[in-house]
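# A look at the structure
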Amino acid sequence: MSSYTKPAPNFDLSSPSPAYTLASGDKMPIIAYGTFRSNPGEVGPAVIEALKAGYRHLDLAHVYGNEEEIGKALKQAFDEGIVTRDELFITGKLWNSDHGVDIVPQAAAHSLNNLQLDYFDLYLIHFPVCWKHTGLATPGWGASELGDTPLIDTWRAMEDLVEKGVCKNIGVSNYPMMVMHDLVTQAKIQPVCNQIEVHAYYQRESLVNYCLSRNICVTAHTPLGGGVLNSETWDTPIPLKDDIILEIAKKHGKSPAQVLLRSLLQRGIVILPKSVKPHRMAENKDILDFSLTETEMKKIATLDKYVSYKTNPNPLSSFMGGPDAFSEMGTDIFD
């Protein structure tokens with residue numbers, strides 16, 4: 001087999017608090033707490049529990065619809081001395097319907113106001129697609145129409161946020177390989193992160209290694225392959241139930257989830273597990289006391305199905321009912 005570029009991880013897994021050193025020099029904790037799919041009244045207490053469990057990296061997004069509740073939880077955590085703002089790394093995201101150059105700073109300010117914060121440690125373009133603006137308080141979903149702001153113009157507005165101190169770092173989410181490269185060749189301030197779907201069944205080696213070779217952090221927003229919820233909702237296979245993962249987990253005395261999360265860390269990928277259950281939060285962080293062997297990593301590599309499940313990472317169905325729905329399922333922006 002011919003050789004190829006495979007960068008080493010940008011963090012030390014033997015450290016008690018490993019962190020990815022971003023291109024800016026800022027440190028990003030490699031195990032984040034995700035807030036997607038959290039019900040009203042549930043996410044605030046969950047964030048408090050996550051902070052008590054030791055999470056210091058929170059992954060948020062305006063379209064999740066829970067920023068105000070999280071903002072109240074953060075204020076409580078600061079007031080009670082659970083954590084200080086300086087100890088946290090907080091990621092936010094710009095939604096598809098807020099790509100307009102004049103809208104970008106308003107959207108960032110709106111989210112920060114919801115969260116009762118002064119700045120984001122990292123602010124991401126959520127998807128590489130612009131929709132028509134639907135209002136800051138009403139991020140578009142359903143009958144979505146394509147907008148006319150080029151991605152690079154949105155990025156220029158993001159760069160202005162860094163210059164003004166609104167965001168310490170900027171990056172993207174769900175960017176495929178060549179859209180990512182196109183941005184890298186044009187950016188004045190380089191993206192520090194690409195948050196993507198990546199897991200044992202969708203390993204995306206080319207995109208991951210491309211990003212890491214340019215010191216662009218890769219963050220896995222679906223590290224367990226969507227978990228049981230995806231399996232139940234879309235009847236898709238999930239790596240949590242794969243025989244190879246179960247075998248490796250049994251050998252190490254760990255759960256299948258812990259094996260899947262650890263395998264991503266050993267590839268140099270930051271992870272965003274999500275659970276509202278305190279025992280799961282603790283379990284998802286308890287992955288620094290064991291290592292997968294080279295043989296085990298190779299076994300996991302054979303599980304790649306080279307297919308996205310088009311669930312969490314694709315706003316496919318949002319186009320339904322609008323003029324820009326181009327298939328019976330909506331519009332696949334990655335076609």
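The rules behind each value
Residues numbered from 1 in each chain as written. Predicted model: local features only at pLDDT ≥ 70, side-chain atom pairs only at ≥ 80, totals over all residues. Heavy atoms only, no water. Buried < 20%, exposed > 50% of the residue type's maximum accessible area, 1.4 Å probe, protein only. Helix = DSSP H or I, 4+ residues; strand = E, 2+ residues; numbered from the N terminus. Pairing = 2+ DSSP bridges. Right-handed = clockwise from strand over helix to strand, strands pointing away. Contact = heavy atoms within 4.5 Å. Axes fitted to C-alpha atoms, helices over the stretch in contact; angles between N-to-C directions. Phe/Tyr/Trp six-rings, centres within 6.5 Å; stacked < 30°, edge-to-face > 60°. Lys NZ or Arg CZ within 6 Å of the ring centre and 35° of its normal. Arc of directions from axis to C-beta. Parallel < 35°, antiparallel > 145°, perpendicular 65-115°, else oblique. Left-handed = near helix turned anticlockwise from the far one by under 90°. Nonpolar A, V, L, I, M, F, W, Y, C, P; charged D, E, K, R; others polar. Core = buried A, V, L, I, M, F, W, Y, C linked by side-chain atoms within 4.5 Å.

## Structural notes on the pairing of strand 8 (residues 193-196)
Both faces of strand 8 are covered, namely the face carrying Cys193 and Gln195 and the face carrying Asn194 and Ile196. Sheet topology note: the strand 7 (residues 170-173)/strand 8 ladder contains two bridges and is parallel. The residue bridging Ser173 from the neighbouring strand is Gln195, located in strand 8. Between the parallel elements strand 7 and strand 8, the chain passes through helix 5 (residues 177-186) in a crossover that is right-handed. Bridge count between strand 8 and strand 9 (residues 217-220): four bridges; the pairing is parallel. Counterpart to Gln195 in the pairing with strand 9 is Thr219. For the segment spanning strand 8, helix 6 (residues 205-213) and strand 9, crossover handedness is right-handed.

## Some words on the sheet that holds strand 5 (residues 89-94)
One open sheet accounts for eight strands, arranged 3-4-5-6-7-8-9-10; its pairing is parallel. Only two strands of the sheet have a single neighbouring strand rather than two, namely strand 3 (33-34) and strand 10 (270-271). Taken strand by strand, helix 4 (residues 151-163) contacts strand 5, strand 6 (122-125) and strand 7, and its axis lies near 140° from that of strand 7.

## Focus: the packing of aromatic side chains
This structure, assessed with the given rule, holds nine aromatic pairs. On the basis of an interplanar angle of 50° and a centroid distance of 5.1 Å, the ring pair of Phe36 and Tyr64 is categorised as tilted. Taken together, the positions of Phe36 in the loop between strand 3 and helix 1 (43-52) and Tyr64 in the loop between strand 4 (57-59) and helix 2 (67-79) put the pair 28 residues apart, joining distant regions of the chain. By relative accessible area, Phe36 is classed as partly exposed at 30%. For the ring pair Trp131 and Phe319, a centre distance of 5.5 Å and an interplane angle of 85° mean the geometry is edge-to-face. Pair noted here: Trp131 is in the loop between strand 6 and helix 4 and Phe319 is in the segment after helix 11 (294-301), with a separation of 188 residues, a long-range link. The class for Trp131 is buried, based on a relative accessible area of 3%. One aromatic cluster is present, built from ring pairs that chain together Trp95, Phe127, Trp131, Trp141 and Phe319. Note that Lys285 overlies the ring of Tyr55, its terminal NZ or CZ placed 5.6 Å from the centroid.

## Here's the deal with helix 11
The α-helix winds at 3.6 residues per turn, so residues separated by three or four positions along the chain end up facing the same way. Taken as a whole, helix 11 has its buried residues at Glu296, Met297 and Ile300. All buried residues of helix 11 fall inside an arc of 100° around its axis, so they share one side. In helix 11, the exposed positions angled more than 90 degrees off the buried face are occupied by Glu294, Thr295 and Lys298. On its buried side, helix 11 packs onto helix 8 (243-252) and helix 9 (256-266).

## Here we look at the pairing of strand 9
Neither face of strand 9 is open: one carries Cys217 and Thr219, the other Val218 and Ala220, and all of them are buried. Pairing geometry for strand 9 and strand 10, over two bridges, is parallel. Considered in strand 10, the bridge of Thr219 is made with Val270.

## Quick word on the packing of helix 4 against helix 5
Helix packing geometry: the angle between the two helix axes and the distance between the axes. Where helix 4 contacts helix 5, the axes come no closer than 11 Å and their chain directions differ by 50°. With respect to helix 5, the axis of helix 4 lies oblique. Here helix 4 and helix 5 pass one another in a crossing that is right-handed. Residues Leu151, Ile152, Trp155 and Arg156 of helix 4 lie in contact with helix 5, whose contacting residues are Val179, Leu183 and Gln186. Here the contact of helix 4 with helix 5 is composed, by residue class, of five nonpolar, one polar and one charged.

## Regarding the nonpolar core
Core analysis: the largest hydrophobic core is formed by 87 residues, its most contacted members being Tyr20, Tyr123, Met158 and Met180. Beyond its immediate chain neighbours, meaning those up to four positions away, Tyr20 contacts Asn10, Phe11, Asp26, Lys27, Met28, Ile30, Leu212, Asn215, Ile216, Cys217, Gly268 and Val270.

## With respect to the packing of helix 5 against helix 6
Viewed as axis vectors pointing N to C, helix 5 and helix 6 meet at an angle of 15°, and their least axial separation amounts to 10 Å. Taken together, the axes of helix 5 and helix 6 lie roughly parallel to each other. Every pair of crossing elements has a handedness; the one defined by helix 5 and helix 6 is left-handed. Each of Met177, Met180, His181 and Val184 in helix 5 lies in contact with helix 6, whose residues at this interface are Ser206, Leu207, Tyr210 and Cys211. Residues belonging to the contact of helix 5 with helix 6 are distributed by class as follows: six nonpolar, two polar and no charged.

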